[in-house]
Amino acid sequence: MTYKYFGAPDRATAARVPTALGPGGLGLDAGELGALGRLGDLMETSGSPNGHLSTKIKPETMSAMVLTGIQGVPLHQVPPLELVVLHPDYAVVQLPHNVVEPLRKADETELGAAAFIWSTVPDRRGPRDAFVIYTMLHEWQDFANRLHDAGHQLYCLVWP
């Protein structure tokens, strides 16, 4: 699965993104992400004004990283994503406001703590991954702030 995070001013516009790209365009901007490895290697930004972030990291995981690591919300209380479109070939989900706002407003200490917490997950490699996750959270934070400044909300296009 590949996840392309993007901004749109509203749900109706976000729902049209996959059809605007066309069936052959879903993977066009994602680039070659390669095999799973360091999280920082999975992030890519485009040169467009608001850009996009393509990654192999699920939006559910991103939400959990923010809410558990920054807000201290227990994992079982992380809210579900908001489904915008469900199609046989793709889905579009919206990341809730209560995930995006804490990410946008987090300071260095909160981002560092979230990165450390998530680097201790059993399949992670410890301090090296903590730094990579910290860098990734900064990328997401910058992206979320650019979208907010443009009046856009954060969505994710999911396709195999």
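Residues numbered from 1 in each chain as written. Predicted model: local features only at pLDDT ≥ 70, side-chain atom pairs only at ≥ 80, totals over all residues. Heavy atoms only, no water.

**Q** Help me understand the overall build of the chain, please; the structure alone is not making it clear to me.
**A** In terms of regular secondary structure, the chain is built from five helices and six strands. Order of helices (α) and strands (β) in the chain, N terminus to C terminus: β-α-β-β-α-β-β-α-α-α-β. Once local pairs closer than 6 in sequence are excluded, the contacts in the chain between residues at least 24 apart make up 69%. Total accessible area computed for the chain in this model is approximately 8,000 Å², and 57% of it derives from carbon and sulfur atoms. (Helix = DSSP H or I, 4+ residues; strand = E, 2+ residues; numbered from the N terminus. Contact = heavy atoms within 4.5 Å. Areas by Shrake-Rupley, 256 points an atom, 1.4 Å probe, with all protein chains shown as cover.)

**Q** Help me out: how do you make sense of the pairing of strand S5 (residues 91-94) in this one?
**A** Successive side chains on a regular strand alternate, one facing one side of the sheet and the next facing the other. Burial of S5 is two-sided: the residues Ala91 and Val93 facing one way and the residues Val92 and Gln94 facing the other way are all buried. Relative to S5, strand S4 (residues 82-86) runs antiparallel, the two being bridged by four bridges. Of the residues in S5, the one forming a bridge with Val85 is Val92. The turn linking S4 back onto S5 is made up of four residues. As defined by bridge partners, S5 adjoins strand S6 (residues 153-159) across four bridges and the pair is classed as antiparallel. Along S6, the bridge assignment pairs Val93 with Cys156. (Buried < 20%, exposed > 50% of the residue type's maximum accessible area, 1.4 Å probe, protein only. Pairing = 2+ DSSP bridges.)

**Q** I tried to follow the environment of Ala14 on my own but got confused; where do I start?
**A** Following the sequence through the fold, Ala14 ends up in helix H1 (residues 11-21). Judged by relative accessible area, Ala14 falls into the buried class, the value being 0%. Between the C-alpha atoms of Ala14 and Gln94, which are 80 residues apart in sequence, the distance is 8.6 Å.

**Q** Explain the environment of Pro74 here, please?
**A** Mapped onto the elements, Pro74 comes out in the loop between helix H2 (59-69) and S4. Sequence separation between Pro74 and Ala64 is 10 residues, and the spatial gap between their C-alpha atoms is 8.9 Å.

**Q** When you look at helix H3 (residues 97-105) in this model, what are you seeing that I'm missing?
**A** Three or four residues apart is the spacing at which side chains of an α-helix point the same way, because the helix has 3.6 residues per turn. Within the sequence span of H3, burial applies to Val99, Val100, Glu101, Pro102, Leu103 and Arg104. Those residues of H3 that are buried are in contact with H2, helix H4 (108-119), helix H5 (127-149) and S6.

**Q** Help me understand H4, please; the structure alone is not making it clear to me.
**A** The terminal C-alpha atoms of H4, which comprises 12 residues, lie 16 Å apart, in line with the 16 Å expected from a rise of 1.5 Å per residue. Among all positions in H4, only Leu111, Ala114, Ala115, Trp118 and Ser119 are buried. Looking straight down H4, one finds its buried side chains confined to an arc of 130°; they lie on one side. Exposed and facing more than 90 degrees away from the buried side of H4 are Thr109 and Phe116. Close packing links the buried residues of H4 with H2, H3 and H5. (Expected span 1.5 Å × (residues − 1). Arc of directions from axis to C-beta.)

**Q** I would appreciate a short explanation of the packing of aromatic side chains in the present structure.
**A** Remark: the centre distance and the inter-plane angle together describe each pair of aromatic rings, the angle taken between the planes. Scanning all chains against the criterion turns up two aromatic pairs. Between the aromatic rings of Tyr5 and Trp140, the centroid separation amounts to 5.8 Å while the plane-to-plane angle is 65°, which identifies the pairing as edge-to-face. Separated by 135 residues along the polypeptide, Tyr5 in strand S1 (residues 2-8) and Trp140 in helix H5 bring together distant segments of the chain. When its relative accessible area of 0% is taken as the criterion, Tyr5 is described as buried. An angle of 25° between the planes, with centres 5.8 Å apart, marks the rings of Phe6 and Tyr155 as stacked. Remark: Tyr155 occurs in strand S6 and Phe6 occurs in strand S1; sequence separation between them is 149 residues. (Phe/Tyr/Trp six-rings, centres within 6.5 Å; stacked < 30°, edge-to-face > 60°.)

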